[in-house]
Amino acid sequence: MSLADYADQHGLHRVGARPRLWSYLKQSWDRRDFPIAMARFRIQASQERNRLGLLWLVLQPSLNAVVYGLIFGLLQTAANRPPDYAAFVVIGVFLFEFFSKSLSNGAKSITGNRALVQSLAFPRLTLPVAVVLENFMALVPMLGVMVLALLVLGHPPAWDWLLMIPLLALYTLFNTGVAMIAARLTVHVRDLTQILPFVNRILFYTSGVLFAVDRILRDHPWAVALYDFHPLYQVLQIARGLLMNQGHYEPQYWVFFGLWSVVVFVVGLLFFWVAEERYGRD
């Protein structure tokens, strides 16, 4: 009898073995309090040394919106700037911040918690999930500031604003998948953390955060058509259509982004789960 047969006969299991997917998800759900508590702690810990504390959660993206809005507003001609450019930029910068931090911080969710991963047995999935929860909690006060800015800029509340709830749900699902993919890749290729800031910056400047794609690229219709399949562009366009009461987005963007969110989440989950045994060992 081999050692493997002996262990199986007596119900012994290899320490750190990857559980079946359904069991893995159940274990992660049973420990759902852990990522929630971790997210809350990180938000408090990241701001406790600053005099303004948690106020920086809204000050930083607000300052980014003002600075980028002024610079790119001056660089663009009146013909290229979209209507109500201030509201356009606020929505773009605030919502992109959620994706940007989910990607960059999610990539470090395993490597940045190496001691925890090596010393305790728990589903590693909870670590990138905690990062996304942390960024979602940080997004909530940002949304409050964004709504206030929209009211000041002359955009009264409308029933369409309620559609932001399913949009944010899909966006969170999408960002969770991105965080899981980035978390595993960084475990295998540590240099990725040095590259991700450039990736984030490229996406920031090419996702329609600061400019209207249909105006800037109006002489290149093929390029405009490609943006119909750009997930970040889709979520920004839907949000602007809902919040600015303009409806300037293609209705099929809901379908496209919904598919993007589900596919990225499922792929990210499977991709992360397959390497569960390697976390803390590589």
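Check the entry above for the structure.
Because the structure is predicted, anything quoted here is derived from the model rather than measured.

Helix and strand counts for the protein come out as 13 helices and zero strands. The helix and strand sequence of the protein, counted from the amino end, reads α-α-α-α-α-α-α-α-α-α-α-α-α. Sorting the 282 residues of the protein into buried and exposed places 43% on the buried side. In the protein, the proportion of contacts linking residues at least 24 apart, taken out of those at least 6 apart, comes to 80%.

The next thing to look at is the pattern of salt bridges. By the definition in use, this model includes two salt bridges. Asp-30 serves as the salt-bridge partner of Lys-26, at 3.3 Å between the closest nitrogen and oxygen. Remark: Asp-30 and Lys-26 occur in helix α2 (residues 21-30); sequence separation between them is four residues, near one turn of the helix. Overall, the relative accessible area of 48% leaves Lys-26 in the partly exposed class. The salt bridge involving Glu-97 is made with Lys-101; its shortest N-O contact spans 3.4 Å.

What counts, and at which threshold
Residues numbered from 1 in each chain as written. Predicted model: local features only at pLDDT ≥ 70, side-chain atom pairs only at ≥ 80, totals over all residues. Heavy atoms only, no water. Helix = DSSP H or I, 4+ residues; strand = E, 2+ residues; numbered from the N terminus. Buried < 20%, exposed > 50% of the residue type's maximum accessible area, 1.4 Å probe, protein only. Contact = heavy atoms within 4.5 Å. Salt bridge = Lys/Arg side-chain N within 4 Å of Asp/Glu carboxyl O.

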